[in-house]
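A structural walkthrough
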Amino acid sequence: TAVPLHTYTLVMTKVQPAVTPALQQQQQSSNTSSSSSTEPEYIFNYKFTTHDCVCLVFCAAIGVWYLWQKHWIANNLLGLAFAFNGIELLNLNSVQTGALLLGGLFFYDIFWVFGTNVMVTVARSFEAPIKLVFPQDLLEKGFSASNFAMLGLGDIVIPGIFIALLLRFDKSLNRGSHSYFHATFFAYLLGLLSTIFVMHIFKHAQPALLYLVPFCLGAPALLALIKGDFAAFIKYEDVPEDETTEGGEQKTAAAGGTEVTKRVTRGDTRKDK
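Residues numbered from 1 in each chain as written. Predicted model: local features only at pLDDT ≥ 70, side-chain atom pairs only at ≥ 80, totals over all residues. Heavy atoms only, no water.

Things to note about the overall build of the chain
Rule in force here: Helix numbering and strand numbering both begin at the N terminus, where a helix is a DSSP run of H or I of at least 4 residues and a strand a DSSP run of E of at least 2. Type-normalised accessible area, obtained with a 1.4 Å probe on protein chains alone, sets the label of each residue: buried when under 20%, exposed when over 50%, and partly exposed for intermediate values. Residue contacts are defined here by distance: any two heavy atoms, one from each residue, within 4.5 Å place the two residues in contact. Reported accessibility uses the Shrake-Rupley method at a 1.4 Å probe radius. Residues are deemed covered only where the shown protein chains occlude them.
Looking only at helices and strands, the chain features 12 helices and 7 strands. Each of the 273 residues in the chain was classed as buried or not, and the buried ones make up 31%. In the chain, the proportion of contacts linking residues at least 24 apart, taken out of those at least 6 apart, comes to 61%. Taken as a whole, the chain presents about 17400 Å² of accessible surface, with 65% of it coming from carbon and sulfur.

What about the packing of aromatic side chains?
What counts, and what does not: Paired rings are identified among Phe, Tyr and Trp, the last through its six-membered ring, by centres lying within 6.5 Å, and are further divided according to the angle between planes into stacked (under 30 degrees), edge-to-face (over 60) and tilted (the rest).
A full pass over the atoms with the stated rule returns 10 aromatic pairs. Arranged with centres 5.1 Å apart and planes meeting at 85°, the rings of Phe-106 and Phe-107 form a pair that is edge-to-face. The exposed category is assigned to Phe-107, whose relative accessible area is 60%. For the ring pair Tyr-180 and Phe-233, a centre distance of 6.3 Å and an interplane angle of 10° mean the geometry is stacked. Highlighted residues: Tyr-180 in helix α9 (residues 179-202) and Phe-233 in helix α11 (residues 230-235), separated in sequence by 53 residues. Three or more aromatic residues joined by ring pairs form one cluster here, namely Phe-169, Tyr-180, Phe-230, Phe-233 and Tyr-236.

As for the pairing of strand β4 (residues 148-152)
The line we're drawing: Pairing between strands is defined by DSSP: at least two bridges between them are needed.
Burial along β4 is one-sided: Ala-149 and Leu-151 are buried, and none of Phe-148, Met-150 and Gly-152, which face the opposite way, are. In this sheet, β4 lies alongside strand β3 (residues 131-135) in antiparallel orientation, the contact comprising 5 bridges. Each residue of the ladder has a partner; that of Val-133, found in β4, is Met-150.

Concerning the UniProt feature "transmembrane region" (unreviewed entry) in the chain
Stated formally: UniProt positions are given in the numbering used here, feature names are shortened, and annotations may be inferred rather than shown by experiment.
Cross-referencing UniProt, the feature "transmembrane region" (unreviewed entry) maps to residues 48-67, 99-123, 143-167, 179-202 and 208-226 in the present numbering. Each end of residues 143-167 is marked by a C-alpha atom, and these two atoms are 36 Å apart; helix forms 56% of the span and strand 20%. The annotated region residues 179-202 carries 100% helix and 0% strand content, and the separation between its end C-alpha atoms amounts to 34 Å.

A word on empty space enclosed by the protein
Note the cut-off: The method works on a 1 Å grid over the protein atoms by themselves. A cavity is a set of points holding a 1.4 Å probe that cannot get out, a pocket is an open set with protein on both sides within 12 Å along at least five of seven lines, and residues with an atom within 4 Å of a point line them. Grid points are joined across faces, edges and corners, and a volume is the space filled by probe spheres set on the points. In this classification, the charged set is Asp, Glu, Lys and Arg, the nonpolar set is Ala, Val, Leu, Ile, Met, Phe, Trp, Tyr, Cys and Pro, and all remaining amino acids, among them Gly, are polar.
Across all of its chains, the model carries 1 cavity of 30 Å³ or more by this definition. Size it by volume and the largest cavity reaches roughly 30 Å³. The wall of the largest cavity is formed by Asp-170, Leu-173, Arg-175, Ser-177, Ser-179, Tyr-180 and Lys-227. Those elements that place two or more of their residues in the lining of the largest cavity are α8 (154-173) and α9. Residues of the lining of the largest cavity, tallied by class, amount to 2 nonpolar, 2 polar and 3 charged.

With respect to the layout of surface pockets
If you roll a probe as big as a water molecule over the atoms, it shows you where there is empty space left. What the largest pocket holds in volume is close to 1400 Å³. Considering the residues around the largest pocket, the lining is formed by 50 residues, among which Met-150, Leu-151, Gly-152, Asp-155 and Ala-208 are closest to the centre. Elements that contribute at least two residues to the lining of the largest pocket include exactly α4 (72-89), α5 (95-115), α6 (118-125), β3, β4, α8, α9 and α10 (208-227). The element contributing the most residues to the lining of the largest pocket is α9, with 9 residues. Of the residues belonging to the lining of the largest pocket, the class tally is 35 nonpolar, 9 polar and 6 charged.

Examining α5
For clarity, the cut-off: A helix's residues, less one, multiplied by 1.5 Å, set its expected span.
Counted at 1.5 Å a residue, the expected span for α5 with its 21 residues is 30 Å, and the 29 Å between its end C-alpha atoms agrees. The secondary structure elements touched by the buried residues of α5 are α6, α8, α10 and α11.

A closer look at the nonpolar core
Across soluble globular proteins, you tend to see nonpolar side chains buried next to one another. Let me state the cut-off plainly: Each nonpolar core is a collection of buried residues, namely Ala, Val, Leu, Ile, Met, Phe, Trp, Tyr and Cys, held together in the definition by side-chain atoms within 4.5 Å.
Core analysis: the largest hydrophobic core is formed by 31 residues, its most contacted members being Ile-156, Tyr-188 and Phe-233. Looking at this core, the elements that each hand over two or more residues are α4, α5, α8, α9 and α10. With 9 residues, α8 is the largest single contributor of residues to this core. Excluding residues that lie within four positions of it along the chain, Phe-233 makes contacts with Val-95, Leu-166, Phe-169, Pro-220, Ala-221 and Ala-224.

Looking at α8
Between its terminal C-alpha atoms α8 stretches 29 Å, which fits the 28 Å expected from 20 residues at 1.5 Å a residue. Immediately beyond the C-terminal end of α8, within one or two residues, lies Asn-174, with a positive phi of roughly 55°.

Shown next as C-alpha cells:
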C-alpha cells in the first residue's frame, strides 16, 4: 500500500492543525519537484501480496491463542519463529569466533544450571515464548499436559548461527556438497538426544550446551581432519578482515587485474545461509 503526500497532508491538517504550515510548504516543494518528474512521491510505500495477508492472519491468530490460553503448542510456534529469525538475522564471521562463543557459553551454562538455581527458576516462572516446552505427560493428558521439559531459545540460536556459518564454509569450498553442514546438523540432533536422555535418567535439569557444544565443535573438526581441510576450517572467515577496508568496503581483483572496491553489507554475507 502507498500513501500519497497530498493525502497525508489533508489527514494531518485535520488531526493536528499546528503542523499545517509545514505540511503546506512540504506539499508546495513536492509539487515543484513533481513538475519535472512524472513519478509521485510517497511518505511510505509498502508492498504486500495475498500470501503476506494470509500469513498475517495466521500469525495473529496464533498470537491471540497464546495470549488467551498460554497453550504450549502456541508457545512453541512463537518460540520457533523467534529462533528462526534469530538465526537469519545474526551471523558469525569466522570459525574461530564461533568456537570462542560456544566455548564461553559452555562454561556459562554449566555454572548457572549446576552452580545455582537461578536459570531454572527463571525459566519455569517466566511466562513468555523464550523457550520450547516438551510435555512429559503427553500420553496421559494429551494436549492438556502440564509437566514439561524445557529448551531455551539460546540453545537453538547460538549453535544455529554456527551451523549456518559451516554451510557458507561448504559453499566456499566449491565441492558441490554440504558435508560440514549436514555432519554438524546431525551432531546437534545427537546432542539434543543426549541432553534428553541424561535428563530422563537423573531427573534433573541439564545445561543443554554441555552436550551441544562438544558435538557441534567436535563433528566439523573431526571431519576437517579426515578430509585434510583443518587449516582452511580454522582460518575460514565469512568476510576476511584483511580484505575489508574502512566503511565496509571489500577490495576484489577484477579479471583484468584492476582493483575494484565493493561495498559489503550484512545482507551480502547472509545470502548463502
